[in-house]
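Observations on the model geometry
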Amino acid sequence: MKKVQHTKSDCRKRTQETVRKAQQRLHFLRRLWRVNLPQQLFCNFYRSTVKSILTSCITVWYGSATSAERKALQRVVKTAQHITATTLPPIQDIYDKRHLRKAVNISSHPHTPVIPCSILCPLETE
């Protein structure tokens, strides 16, 4: 099994590709808007296409994204929010929620060793 090492340029390419794919899906969202379909359909389409692209493996790559890349991702969400005429959660909130859920799942797994925080981060006493 190969060990994959990610570089900053890999993460940058991943983020740019994600933004590009999400913007392509926004085109279809705009087309649905022009046909005057119900708003619930817009939200379902956003969740199933645009949001799924933006959040695929978000816990892995979002933490290393630059502020400019994060702003580009948030612009996609803001555009979708404008098209759907609903309030959508910011990409940072989605990342925080998924990151926390992943941490809870890992810590609740029975085979995860439980190490007290004082061992990992000993207090400096003099």
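Everything that follows concerns the structure shown earlier in this document.
A few points on the structure. In this convention, every chain numbers its residues from 1, walking through the sequence in written order. At least 70 in pLDDT is required for a residue's local features to be given in this predicted model, at least 80 for side-chain atom pairs to be given and counted, and no such filter applies to totals for whole chains, interfaces and linings, which use all residues. Note that water and hydrogens are dropped before the side-chain values are worked out from all heavy atoms of the structure.

**Side note on the packing of aromatic side chains**
The condition is simple: For Phe, Tyr and Trp, where Trp contributes only its six-membered ring, two rings pair if their centres lie within 6.5 Å, and the inter-plane angle classes them as stacked under 30 degrees, edge-to-face over 60, or tilted in between. Every helix listed is a DSSP run of H or I at least four residues long, and every strand listed is a run of E at least two residues long, numbered separately from the N terminus. Think of it in three bands: with a 1.4 Å probe and only protein chains considered, a residue is buried below 20% of the maximum accessible area for its type, exposed above 50%, and partly exposed in between.
For the structure shown, the criterion picks out 1 aromatic pair. Taken together, a centroid distance of 4.9 Å and an interplanar angle of 45° make the contact between Tyr62 and Tyr95 tilted. A residue pair is termed long-range when its members are at least 10 positions apart, and Tyr62 in the loop between helix H3 (58–61) and helix H4 (67–84) and Tyr95 in helix H5 (residues 91–108) qualify at 33 residues. Residues Tyr62 and Tyr95 agree in their burial class; the two are buried.

**A word on the environment of Leu88**
Note the cut-off: Here a residue-residue contact requires only that any non-hydrogen atoms of the pair lie within 4.5 Å.
Structurally, the position occupied by Leu88 is in the loop between H4 and H5. Along the sequence, Leu88 and Arg47 sit 41 residues apart, while their C-alpha atoms lie 10.0 Å from each other. Beyond its immediate chain neighbours, meaning those up to four positions away, Leu88 contacts Tyr46, Val77, Ala80 and Gln81.

**Focus: the side chain of Thr55**
Rules: Whenever a nitrogen or oxygen atom comes within 3.5 Å of another N or O atom, the pair is scored as a polar contact, on the condition that within protein one atom can donate a hydrogen and the other can accept it, and that pairs from neighbouring residues in sequence are kept only if both atoms are in side chains.
Among the secondary structure elements, Thr55 is positioned in the loop between helix H2 (39–54) and H3. A relative accessible area of 5% means that Thr55 is categorised as buried. Within the structure, the side chain of Thr55 is placed 3.5 Å from the side chain of Arg98, a separation counted as a polar contact. When neighbours within four sequence positions are excluded, Thr55 is seen to be in contact with Ile94 and Arg98.

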